[in-house]
Amino acid sequence: MIQLQRWQHLFRHSLSPLIPLEHTTLQQHRVALYIKRDDLLHPSISGNKWRKLKYVLRQALSEQAAGLLSFGGAWSNHLHALAAAGHTLGMPTVGIVRGEPEYAANPTLSDAQGWGMQLAFVDRQTYRRRHHADFLAELRRRYPGFYLIPEGGSCELALPGVAELWQELPACDQLILPVASGGTLAGLLSARPEHTHLTGYAVLKGKDWLARTVQQLYAPAESDNGWRLRLNHHGGGYAKCSVEDRSAITALSTALGIPLEPIYSGKAMLGLFRDIEAGCYPPDSRLIFLHTGGLQSARSQVS
Ligand SMILES: *Cc1c(COP(=O)(O)O)cnc(C)c1O
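Scoring rules and cut-offs
- Note that residues are indexed from 1 along each chain, following the sequence as it is written.
- For a predicted model such as this one, the threshold for reporting local features is a pLDDT of at least 70, and the threshold for listing and counting side-chain atom pairs is 80 or more; totals across whole chains, interfaces and linings nevertheless cover every residue.
- Side-chain numbers here rest on the full set of heavy atoms in the structure, without hydrogens or water.
- UniProt positions are given in the numbering used here, feature names are shortened, and annotations may be inferred rather than shown by experiment.
- For the purposes of this section, nonpolar cores are sets of buried Ala, Val, Leu, Ile, Met, Phe, Trp, Tyr and Cys residues that join through side-chain atoms within 4.5 Å.
- In this scheme, a residue with accessible area under 20% of its type's maximum is buried, one over 50% is exposed, and one in between is partly exposed, where area comes from a 1.4 Å probe on protein chains only.
- A run of DSSP states H or I qualifies as a helix once it reaches four residues; a run of E qualifies as a strand once it reaches two. Both are numbered from the N-terminal end.
- Residue ranges assigned to each domain were obtained from an automatic or database domain assignment.
- Any two residues whose heavy atoms approach within 4.5 Å at even a single point are treated as in contact.
- Each axis is a line fitted through C-alpha atoms, taken for helices only over the stretch in contact, and angles between the N-to-C directions span 0 to 180 degrees.
- Oblique is the label for any angle not covered by the other classes, which are roughly parallel (under 35 degrees), roughly antiparallel (over 145) and roughly perpendicular (65 to 115).
- Two helices that cross are described as forming a left-handed crossing if the nearer one is turned anticlockwise from the farther one by less than a right angle, and a right-handed crossing if clockwise.
- Gly counts as polar in this scheme, as do all residues outside two lists: the nonpolar Ala, Val, Leu, Ile, Met, Phe, Trp, Tyr, Cys and Pro, and the charged Asp, Glu, Lys and Arg.
- In a helix, the anticipated span is given by 1.5 Å times the number of residues less one.
- What the arc covers is the set of directions going from the helix axis to the C-beta atoms.
- We treat two strands as partners when DSSP finds at least two bridges between them.
- When the strands point away from the viewer, a crossover counts as right-handed if the route from the first strand across the helix to the second turns clockwise.
- The cutoff for a nearby residue is simple: one of its non-hydrogen atoms must lie within 4 Å of the molecule or strand.
- Pairs of N or O atoms are called polar contacts if they sit within 3.5 Å, as long as, within protein, a hydrogen donor faces a hydrogen acceptor (for residues adjacent in sequence, only side-chain-to-side-chain pairs).
- All accessibility values rest on the Shrake-Rupley procedure with a 1.4 Å probe; residue burial counts only the protein chains present in the view.

- An unreviewed UniProt entry annotates the protein chain as 1-aminocyclopropane-1-carboxylate deaminase/D-cysteine desulfhydrase of Oceanimonas smirnovii.
- Looking at the Sequence similarities (unreviewed entry) heading of the UniProt record, one finds this comment for the protein chain: "Belongs to the ACC deaminase/D-cysteine desulfhydrase family."
- UniProt lists a comment for the protein chain under the heading Cofactor (unreviewed entry), and it reads "pyridoxal 5'-phosphate".

Structure below.
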C-alpha cells in the first residue's frame, strides 16, 4: 500500500521542458529543431528509463515481488535508474553486471550500491546468456520471488510508459531519438500520431536485427512505414567514439547549450546534424529531438 503510494508519487508528473535550438546548420537548411529534455525528468532516474520503468514497476508491486533484478554493463543507465527506483519504492534490487568486480568502484555502480543494489558480476560469456531460459531459471532459484527485467528495461510493459510522452509534445514532422535495445522506439511507435514520423539513430552496430527487435516488442511496427533506423552513425559500436567525434559532440553541446554524452544523446545528435547537412531532412521540417538522459554515465568517461 505504502509502496503503491510511493510509486504514484514517483511517477506523478512527467513534465520535462521542450526547448527550441539554434544553430547555423539549422538556419542554412531551414530546419526547425526542438529538444525534449527528458534528461531533466528526474535527478536520479534518468530520461527514458523513468518512462520505461513506470508500468514495469507497478506490475512488480502488484505481484508483490520480493525485489527487482536486471542486467547491464558497468556504466548502465538502466541499472543506475533501477537501483534508485528500488530505493525510492523500498524494494531490494539486484544488478547482474557484465565485467570485472573492479567496476564496483565506478561512479555508476557506487551510486547503485549506495541505493542498496546488490551486484553480481559475470563474464561476457555468461552475460550473453541473459535471455536464455536456463540462465533465467537459475537466477529465479538464486533470487526467489524477484521480478526479472530484461537489459535496458525493454519489455512489453515498457511501452505504455514511453507512449505517454506524446501527450507532452506539440505537433511535429519527425521525432528523433537514439536507439539501443529498441524499447523506447517501440513505445513511441505504439502511439505515433499519424503525421509524425520517427527516426532512430542506432548507437550500436544494428544491421537488420535492430529493426526486428523493435518489431518483436511491438509487432505492428512491421507494417508501419512511418519510422526508420539510421544505422551508419554508430561510430564504431556501442560506447565507442573516436577522438574526432568526441570533439564534434563537445562542440555541438557547446553551440546548442545542451549537455550531451558520447554514448547516446551525443552520438544521435551528431548523426542528426550530419544528416541535416547531407540534406536528409527537407526544408521547413519541424523536428523534435528526444534527449533520453543518461548523463550520469559520462562521469566514467575517460576523455
Ligand atoms: C538506455 C538508453 C537509451 C536506449 O534506449 P532503448 O530503449 O534501449 O533503445 C538511449 N539513451 C539513453 C540515455 C539511455 O540510457
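## Description of the nonpolar core
Turning to step 1, where the next piece is worked out: Judged by nonpolar contacts, the single largest core of 33 residues is most densely connected at Leu57 and Leu68.
Turning to step 2, where the next piece is worked out: Only α1 (2–10), α3 (47–62), α4 (77–89) and α5 (107–114) provide two or more residues apiece to this core.
Turning to step 3, where the next piece is worked out: Of the residues that make up this core, three or more belong to each of domain 1 (11–44 + 155–301) and domain 2 (48–153).
Turning to step 4, where the next piece is worked out: Among all residues touching Leu68, those that are not within four sequence positions of it are Leu57, Ala60, Leu82, Gly86, Met91, Pro92, Thr93, Val94, Phe146, Tyr147 and Ile149.

## Considerations on the packing of α3 against α4
Turning to step 1, where the next piece is worked out: Remark: α3 packs on α4, axes separated minimally by 11 Å, with the N-to-C direction vectors making an angle of 45°. Judged by the inter-axis angle, α3 sits oblique to α4. Crossing of α3 against α4: the hand is right-handed. On α4, the residues touching Lys49, Leu53, Leu57 and Leu61 of α3 are Asn77, His78, Ala81, Leu82, Ala85 and Leu89.
Turning to step 2, where the next piece is worked out: Tallied by class, the residues present in the contact of α3 with α4 amount to seven nonpolar, two polar and one charged.

## Digging into helix α11 (residues 243–256)
Turning to step 1, where the next piece is worked out: An ideal rise of 1.5 Å per residue puts 20 Å on 14 residues; α11 measures up with 20 Å between its terminal C-alpha atoms.
Turning to step 2, where the next piece is worked out: Every buried residue of α11 is accounted for by Asp245, Ile249, Leu252, Ser253 and Leu256. With its buried residues spanning 100° around the axis, α11 presents them on a single face. Away from the buried face of α11 by more than 90 degrees, exposed residues Val243, Glu244 and Thr254 are located.
Turning to step 3, where the next piece is worked out: Buried residues along α11 sit in contact with α12 (265–277).
Turning to step 4, where the next piece is worked out: Where α11 ends, the next residue or the one after it, Gly257, has phi of about 70°, a positive value.

## Quick notes on the pairing of strand β8 (residues 197–202)
Along a regular strand, successive side chains alternate from one face of the sheet to the other.
Turning to step 1, where the next piece is worked out: Counting buried positions along β8 gives five out of six residues, so the element sits mostly inside the fold.
Turning to step 2, where the next piece is worked out: Bridging between strand β7 (residues 174–179) and β8 involves six bridges; their strand directions are parallel. Note on β8: the bridge partner recorded for Pro178 is Tyr201.
Turning to step 3, where the next piece is worked out: Where the polypeptide runs from β7 across helix α9 (residues 183–189) and back to β8, its parallel neighbour, the crossover connection is right-handed.
Turning to step 4, where the next piece is worked out: Sheet analysis places β8 next to strand β9 (residues 227–230), joined by four bridges and oriented parallel. Along β9, the bridge assignment pairs Gly200 with Leu229.

## Examining the sheet that holds β9
Remark on secondary structure: sheet strands pair via backbone hydrogen bonds, oriented parallel or antiparallel.
Turning to step 1, where the next piece is worked out: With respect to topology, six strands assemble into an open sheet ordered β1-β2-β10-β7-β8-β9, the strand pairing being mixed. With one partner strand each, in any of the chains shown, β1 (18–20) and β9 form the two edges of the open sheet. Taken pair by pair, the neighbouring strands of this sheet meet at an average axis angle of 25°, ignoring direction.
Turning to step 2, where the next piece is worked out: In this fold helix α10 (residues 207–217) packs onto β7, β8 and β9, with an angle of close to 145° to the strand it touches most, β9.
Turning to step 3, where the next piece is worked out: Across the sheet, α12 lies against β2 (32–37), β7, β8, β9 and β10 (286–291), angled at about 160° from β10, the strand it touches most.

## Describing the site of the ligand
Turning to step 1, where the next piece is worked out: The environment of the ligand is formed by 15 residues, the closest being Lys49, Lys52, Ser181, Thr184 and Thr292.
Turning to step 2, where the next piece is worked out: Between Thr184 and the ligand, the recorded distance is 2.7 Å, taken from a side-chain N or O atom to an oxygen atom.
Turning to step 3, where the next piece is worked out: For the ligand, whose free accessible area comes to 380 Å², the fraction covered by protein is 97%.
Turning to step 4, where the next piece is worked out: Elements with a contribution of two residues or more to the shell around the ligand: α3 and α9.
Turning to step 5, where the next piece is worked out: Looking at the shell around the ligand element by element, the count peaks at three residues for α3.
Turning to step 6, where the next piece is worked out: For the shell around the ligand, the class distribution of residues is three nonpolar, ten polar and two charged.
Turning to step 7, where the next piece is worked out: Per-domain counts for the shell around the ligand show at least three residues from each of domain 1 (11–44 + 155–301) and domain 2 (48–153).

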